[in-house]
Amino acid sequence: MTTTTPFRYIGKPIPKADALERVTGTARFGADLKLPGMLHGKVLRSPHPHAYIRRIDASRALALEGVKAVVTAQDLPPLEDARAAFGGELMIDLDHLRRLTIAHEKALFEGHAVAAVAATSPEIAEAALELIQVDYEVLPVVENALDAMKPDAPLLHPNLYTRTLGEKPSKPSNIATIVEVGFGDLEKAWAAADVVVEQSFETQMVHQGYLEPQACVAWVDADGRIHVWTTTQGTFNAQRMLSALLKVPLHMLNVIPAEVGGAFGGKIYVILEPLAILLSRKAGRPVKMVMDRAEVFRATGPASPAYITVKAGAKRDGTLTGLYAKIVMDAGAFPGAPVQGATWCIFAPYKAPAMKVEAYDVVTNKPRVQAYRAPGATAAAFASESTLDMLAERLGLDPLEFRLRNAAQEGDQNVTGQTYGRIGVKAILEAIRKHPHWNTPLQGKNRGRGLAMGAWMGAILTSSSQVVVNVDGTVQIVTGQVDITGTRTSMLQMVADMLQLPLDHISIRVGDTNCTPYTDLSAGSRTTFTQSAALARACQSVIAQMKAQAADALSKPDRRLTPEDIEYADGKFWVKSDPEQVLPWRQVAGLTRTRGTGPIVGTGTVTRLQPANEFSAQLCDVEVDPETGKVKILRFTAFQDAGRVINPIQVEGQMQGGAVQGIGWGLFEYYAWDKGKLRNPTLLDYREPTALDLPMIDTCIVEVPAPDGPLGVRGVGEPPIVPGPAALANAIYRAVGVRLTKLPMTPETVFWAIQEKKQAEHLQAVAGDGA
Amino acid sequence: MRPFEYVAPKRLREAYAILAQADGRTVRPLAGGTDLIDQLRVGRKRADLVMDVKHIPELMRLEWGPRKGLYIGAGVPCYRVYKDPVVAQHYPAIRDGAMLVGSWQIQHRASLGGNICNAAPSADTVPPLLVYEAIAHIGGPRGEREVPLERFFTGPGQTVLAPDEILLGVRVPPPPPRSSSHYLRFIPREEMDIAVAGVASLVALDSRGVVARARIALSAVAPTPVRARDAEAVLEGQRPTPALLVEAGEKAVLATNPITDVRGSIAYRKELVKVLTRRTLSKALADLGITLE
């Protein structure tokens, strides 16, 4: 959409629409709702990572006073279409979704739901769980993806056959999928290279770490209509999953969004909701379910651990000849690791004549992974950006110049075969070259500076919103697009400029699935990007309808006007040929009440936009205490191409928040396992960085407009998590000369790496003396 | 969380009466509650009766006299200890330890007495008290007694307290002349964490600059907080040198008996004890005007 006036709100640091209610504690999150007669539900979870469930006896629990219902897998309707798939970012088929929701004949991870209870108080529900008797037959545990791939590994699923491009295998396997993509001749690439580096890397299972645990209230009313209040990234996504799981048509199933207290990809699947509905249906009363922190760690969907080997070759002048990666990702108990994200992102910022990625999606006895901010990309970039730094060092080249020489641009090809439209890799690297951080020399012992890039393809899917004009001329945006990052504010800013109205004339409401048009989930950095296009269409429709009203009102008996005769700008309609004939927006809006031609509702929908590929880079300075291995971040700057900034404080907030999570991956966070049992399901021992562990995170935004969409917007949520771990690893290498290839780089791992290096140097010195 | 009864006696006599009449019920004293409430919530401890001791004046005393030394009532929260100028002046390690417990919010509730009675091997306030040879002051319906704090702990979470006894406070003798002390703990984060290893060191010098007394105590490297007597012996009677501090660090390891867990391995904990011993000693010596690092 073109506007005649410069933007008044787009690009401005408008405070968040929901800031006040958040900071005053009045925002209503998933656990805040109370309904009359409401029961409380709790879940019985498997203590075993892998076990057959031979028998469940709930009779003693049901006999406890206050217990109103118990449900198990038996209470789900039978499966019809196993091939139906759901999920948005990480897909899962219906059969697996059912088994993930509640264990059928087998518990596949510690914390897998086995039964659920509804009672008059949470305490009674908890006491009832202890009265449910489950006979387990404990099975050997498949602890990690490498073990899972061994030919003699115990199988999780008897009917899981590896999907490849080749023919269907004869035996089931824990390898769900093998993906191979690429182009060019790698043998030639290695032969043409002056230096080839190959290195293997490992990352751990980590959690999104959202503050708000999963929570919902479900109520099956007397007519069988289902109402679900829940904290979710996508109401329609949740509705479709629930409809398929419970065999209920969509019109009987209303999903009402609560405010979301952090999600980062982890609140896409329904998880408590199906159990709460089954319990409510049995008990005839609303049922509330809220997870505790240990359940959040054990039983929601964390991020996939990965084993990645990267091989990269370059000529002496720094030109890459070839890039190769083997990516093995651990999906947890059911297929669906983010191999696609990892594959697209691993070499995305670079061009090379030959590239290939082989990726494995593998099941193990861990919680089924879910999306976590740029799913797959953070692990991928840790491997590729570390390897490229090693290669630059071997070539004696500056890490920034080396990356610039190989930077991908419009027309270059991603390893997946996608040809890039306009992208911002070079613009980001040029911005770094000019930035004071890059140009300030780092001095002092045990200090080092690291650089890494990150990428995210940018999700698209389908988005819609409605723009409704009230009879007093004020405007409402009615949408099902859940706000997890401040998108209500950016949508208000865009609509205010698109309609050329003051911002305070516009409000926005995120509504339930019964009252808003279908829109896909808020995930994958797609919301502001796709909504910019949907809202542009809705606003175009509104202005066209308003012009028709104005034409009608301004017509005279001798001259009928058509909408084409009307001009609109800044809240005023006038006749093109006679600018004195003016009607203000408010008056036109008022006409609709009595003329039978209103109300004015513009619906905008978009699907399949051209992707707005997103890139970022981070620069960090660290100091390592060689006696303890502790890494202190001295300075940190995040760079990102935002396409066009709608709200700079929100973009900076995303960049800083993403950087913090990247630092968490890099230095602190991991699931500590002991034969499939989680040893650190608390925020004490699962260490997220605190405010004191973090530096000030400086930001530098570049704007290379996206090739599609009316404003050039690119998504901004995902890319800032991606480069952090690699930037830290590269900085640590330059500080103390040790190359860490396993996340997280905890003090202890850094300490032992330094000891090993010292020992090697000592041995070398001794050998040297001897010679 | 299972329901429990709550009482808040205003006098020590009342508290003793409650303990005497427990009649088989589990009575748990509560000061700040920052450990107890969480342990009750997750089911690690149970309580029939929770007795809040914060209203008993004797347990809220924080007193100092140059001859008597320091008395810290069992209910005194950490912030009162580390904000007290007397503590900062005479017992720097005790201040260090109190400042490390939990977060600011927690420090306004959590007490040293609670930290002691919780008897975690990693308790940050305990090694600083051990280097001053603090004494636990215990009371109950059967009378009062005193036990050296070093002998108060019998294992992880275990103390010499009988079910009808409570800790009333700790007596800390006056500091030796020309002495200083420090406590350092190592955690991967900067706050809100449990020590992987912690070391408190006290050094007193005589008029010639020779170490007249050295006390070193360790946390999180044995089933209870421990003194490192071999390291102390290395220092006493010697003039401090960098090499001597390194040696003391190595000797301190002899007092450890650590475990490998999610917070750190045995070998790493031992390495940390060496480093922290040296660093606390050199910090204390720096206070006394001797710079070695």
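Computed from a prediction, not measured in an experiment: that's the story for all the values here. (Residues numbered from 1 in each chain as written. Chains lettered and ligands numbered in written order. Predicted model: local features only at pLDDT ≥ 70, side-chain atom pairs only at ≥ 80, totals over all residues. Heavy atoms only, no water.)

Some remarks on the overall build of chain A
Piece 1. A count of helices and strands for chain A gives 20 helices and 30 strands.
Piece 2. Taking 771 residues into account, the globule formula puts the C-alpha radius of gyration at 28 Å, and chain A, at 28 Å, falls close to it.
Piece 3. In terms of overall dimensions, chain A has C-alpha extents of about 110 × 70 × 55 Å along its principal axes.
Piece 4. Per-residue burial over chain A gives 61% buried out of 771 residues.
Piece 5. Of the contacts formed within chain A by residues at least 6 apart in sequence, a portion of 80% connects residues at least 24 apart.
Piece 6. Within the structure as shown, chain A displays about 29000 Å² of accessible surface, and the carbon and sulfur contribution to it stands at 52%.
Piece 7. Taking the 78 positively charged and 81 negatively charged side chains of chain A as two groups, their mean positions are separated by 2 Å. (Helix = DSSP H or I, 4+ residues; strand = E, 2+ residues; numbered from the N terminus. Rg over C-alpha atoms; globule rule 2.2 N^0.38 Å. Buried < 20%, exposed > 50% of the residue type's maximum accessible area, 1.4 Å probe, protein only. Contact = heavy atoms within 4.5 Å. Areas by Shrake-Rupley, 256 points an atom, 1.4 Å probe, with all protein chains shown as cover. Lys, Arg positive; Asp, Glu negative; His and termini not counted. Charge placed at Lys NZ, Arg CZ, Asp CG, Glu CD.)

Structural notes on the environment of V141 of chain A
Piece 1. Mapped onto the secondary structure, V141 of chain A falls in the loop between strand 8 (133–138) and helix 5 (145–148).
Piece 2. Classification of V141 of chain A by relative accessible area gives partly exposed; the value is 27%.

Comments concerning the environment of M241 of chain A
Residues and elements named next belong to chain A.
Piece 1. Looking at the element boundaries, M241 is found in helix 7 (residues 235–246).
Piece 2. Distance in space between the C-alpha atoms of M241 and R98 is 9.7 Å, their sequence separation being 143 residues.
Piece 3. Setting aside residues up to four positions removed in sequence, M241 forms contacts with F86, G87, I92, L97, I268, Y269 and V270.

Examining the interface of chain A and chain B
Piece 1. At the interface, 25 residues of chain A touch 23 residues of chain B.
Piece 2. Contact between chain A and chain B buries roughly 2100 Å² in total, counting both sides, with carbon and sulfur atoms accounting for 53%.
Piece 3. Summed over the three residues of chain A that lose the most area to chain B, namely E627, K630 and R687 of chain A, the buried surface amounts to 27% of that side.
Piece 4. On the surface where chain A and chain B come into contact, there are six salt bridges.
Piece 5. Measuring nitrogen to oxygen at the nearest pair gives 2.6 Å for the salt bridge that ties R687 of chain A to D193 of chain B.
Piece 6. Taken together, chain A and chain B are joined by 14 residue pairs in polar contact (both at pLDDT 80 or more).
Piece 7. Broken down by secondary-structure element, the contributors of at least two residues to the side of chain A that touches chain B are helix 4 (122–131) and helix 20 (747–770) of chain A.
Piece 8. With four residues, helix 20 of chain A is the largest single contributor of residues to the side of chain A that touches chain B. (Buried area = accessible area lost by both parts, 1.4 Å probe. Salt bridge = Lys/Arg side-chain N within 4 Å of Asp/Glu carboxyl O. Polar contact = N/O pair within 3.5 Å; in protein donor to acceptor, adjacent residues only side chain to side chain.)

Side note on the domain arrangement of chain A
All names here are of chain A.
Piece 1. Domain annotation of chain A identifies domain 1 (33–139 + 211–262 + 267–299), domain 2 (306–458 + 611–755) and domain 3 (460–606).
Piece 2. Here the C-alpha centroids of domain 1 and domain 3 sit 40 Å apart.
Piece 3. If you look at the interface, domain 1 gives 21 residues, while domain 3 gives 17 residues.
Piece 4. Summed over both sides, the interface of domain 1 with domain 3 buries roughly 1400 Å², with 59% coming from carbon and sulfur.
Piece 5. For the interface between domain 1 and domain 3, the tally reads one salt bridge.
Piece 6. Listing elements by their share of the side of domain 1 that touches domain 3, those giving two or more residues are helix 7 and strand 13 (253–257).
Piece 7. Per-class residue counts for the side of domain 1 that touches domain 3 are eight nonpolar, 10 polar and three charged. (Domains from an automatic or database assignment. Nonpolar A, V, L, I, M, F, W, Y, C, P; charged D, E, K, R; others polar.)

What to know about the sheet that holds strand 2 (residues 51–57) of chain A
Two strands in a sheet stick together by hydrogen bonds in their backbones, pointing the same way (parallel) or opposite ways (antiparallel).
All names here are of chain A.
Piece 1. Sheet architecture is open: three strands sit in the order 6-2-8, paired in antiparallel fashion. What marks the edges here is a single partner per strand, and that holds for strand 6 (106–107) and strand 8.
Piece 2. As paired strands, strand 2 and strand 8 are joined by six bridges and run antiparallel to one another. The residue bridging D57 from the neighbouring strand is Q133, located in strand 8. (Pairing = 2+ DSSP bridges.)

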